Amino acid sequence: ETGVTQSPTHLIKTRGQQVTLRCSSQSGHNTVSWYQQALGQGPQFIFQYYREEENGRGNFPPRFSGLQFPNYSSELNVNALELDDSALYLCASNKGRGAGVTEAFFGQGTRLTVV
Amino acid sequence: GENVEQHPSTLSVQEGDSAVIKCTYSDSASNYFPWYKQELGKRPQLIIDIRSNVGEKKDQRIAVTLNKTAKHFSLHITETQPEDSAVYFCAASPSNDYKLSFGAGTTVTVRA
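What counts and how
Every chain is numbered on its own, with residues counted from 1 as its sequence reads. For this description, chains carry letters from A and ligands carry numbers from 1, given in the order in which they are written. The model is predicted, so local features are restricted to residues of pLDDT at least 70 and side-chain atom pairs to those at 80 or more, both for listing and for counting; the totals for chains, interfaces and linings are taken over all residues. Side-chain numbers here rest on the full set of heavy atoms in the structure, without hydrogens or water. Helix numbering and strand numbering both begin at the N terminus, where a helix is a DSSP run of H or I of at least 4 residues and a strand a DSSP run of E of at least 2. For the radius of gyration, the atom set is restricted to C-alpha positions; the globular benchmark scales as 2.2 Å times the number of residues to the power 0.38. In this scheme, a residue with accessible area under 20% of its type's maximum is buried, one over 50% is exposed, and one in between is partly exposed, where area comes from a 1.4 Å probe on protein chains only. By definition here, a salt bridge exists when the distance from a side-chain nitrogen of Lys or Arg to a carboxyl oxygen of Asp or Glu is within 4 Å. We call a set of buried Ala, Val, Leu, Ile, Met, Phe, Trp, Tyr and Cys residues a nonpolar core when their side-chain atoms join them within 4.5 Å. Two strands qualify as a pair provided DSSP detects at least 2 bridges between them. Under this scheme, a helix contributes an axis fitted over its contacting stretch, all axes are lines through C-alpha atoms, and angles between N-to-C directions fall in the 0 to 180 degree range.

## Details of the overall build of chain A
Here's step 1: When helices and strands are tallied, chain A shows 0 helices and 11 strands.
Here's step 2: Scanning chain A from its N terminus toward the C terminus, one meets helices and strands in the order β-β-β-β-β-β-β-β-β-β-β.
Here's step 3: The C-alpha atoms of chain A give 13 Å as radius of gyration, which agrees with the globular expectation for 115 residues (13 Å, within 12%).
Here's step 4: Across the 115 residues in chain A, those meeting the buried criterion constitute 54%.

Below is the structure:
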């Protein structure tokens, strides 16, 4: 067990609604990254938080936003949901600033379905 | 930004044979190359990684090779077993960058 936990595991939302996904990082890790994985595709980087500040962002619109808390847990918020937002949302934590500094451990993901 | 391409998209091998998955990357600044295994419905798990100061790394039946000049790296699985059946993703990142750029994945099926 890697220690990264996400909630909820599954979620169904209606187009136009808002959703909040949560991630608890592994103990000792101060960086959390969020990825979107569409069916049959590799994970796509959304953004990363390091010590409560955004440390980089991928090619996602502003309706995707996030937070990192003092205990290094994190939230991903998506406003005005679209059908194309249906995907597996993964968070990954690692120690140190940047993705390649140390091994990134993934959570089990939240499967979001937008109808 | 970094673009990672992965081939093949599917791979079927007989148990006991070898499997090879190849990835190319575009950003010459990339120097960290992890490989993840994702079983159906489960989280991606790191199986091996390599940094650009080495050309090859082995861990039991798994090995990764890196050619920085050609900007490609490969995963080699020897003596494949049914439990090796999964989707494998390669990724690349500069060590001071904030993200991993993933390939599209290879679905490996090991036939008993």
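Additional details are given in the paragraphs that follow.
## Looking at the pattern of salt bridges
Residue and element names in this part refer to chain A.
Here's step 1: Evaluation of the coordinates by the stated rule reveals 6 salt bridges over all chains.
Here's step 2: One salt bridge in this structure joins aspartate 85 and arginine 63, with 2.8 Å as the shortest N-O distance. Separated by 22 residues along the polypeptide, aspartate 85 in the loop between strand 8 (74-78) and strand 9 (87-94) and arginine 63 in the loop between strand 6 (53-57) and strand 7 (64-68) bring together distant segments of the chain.
Here's step 3: For aspartate 85, a relative accessible area of 3% puts it in the buried group.
Here's step 4: Judged by relative accessible area, which is 16%, arginine 63 ranks as buried.
Here's step 5: Taken together, the salt bridges that share partners define one network made up of Arg63, Glu82 and Asp85.

## As for the nonpolar core
Here's step 1: Counting 23 residues, the largest nonpolar core has B:Ile21, B:Tyr25, B:Phe33, B:Trp35, B:Phe73, B:Leu75 and B:Tyr88 as the members making the most contacts within it.
Here's step 2: Elements that contribute at least two residues to this core include exactly strand 2 (10-14), strand 3 (19-25), strand 4 (32-38), strand 5 (45-51), strand 7 (62-67), strand 8 (72-77), strand 9 (86-92) and strand 11 (106-111) of chain B.
Here's step 3: Within the second largest apolar cluster, 20 residues are counted, among which are A:Val32, A:Phe60, A:Leu76 and A:Tyr89.

## Topic: the sheet that holds strand 6 (residues 56-59) of chain B
Residue and element names in this part refer to chain B.
Here's step 1: Taken in spatial order, the 5 strands line up as 1-3-8-7-6 in an open sheet, and their pairing is antiparallel. Among the strands making up the open sheet, the edge pair consists of strand 1 (4-7) and strand 6. Adjacent strand axes in the sheet meet at a mean angle of 15° when their direction is disregarded.
Here's step 2: Where strand 3 and strand 8 come together, 6 bridges link them in antiparallel fashion. Each bridged residue has a counterpart across the sheet, and for threonine 24 the counterpart in strand 8 is histidine 72.

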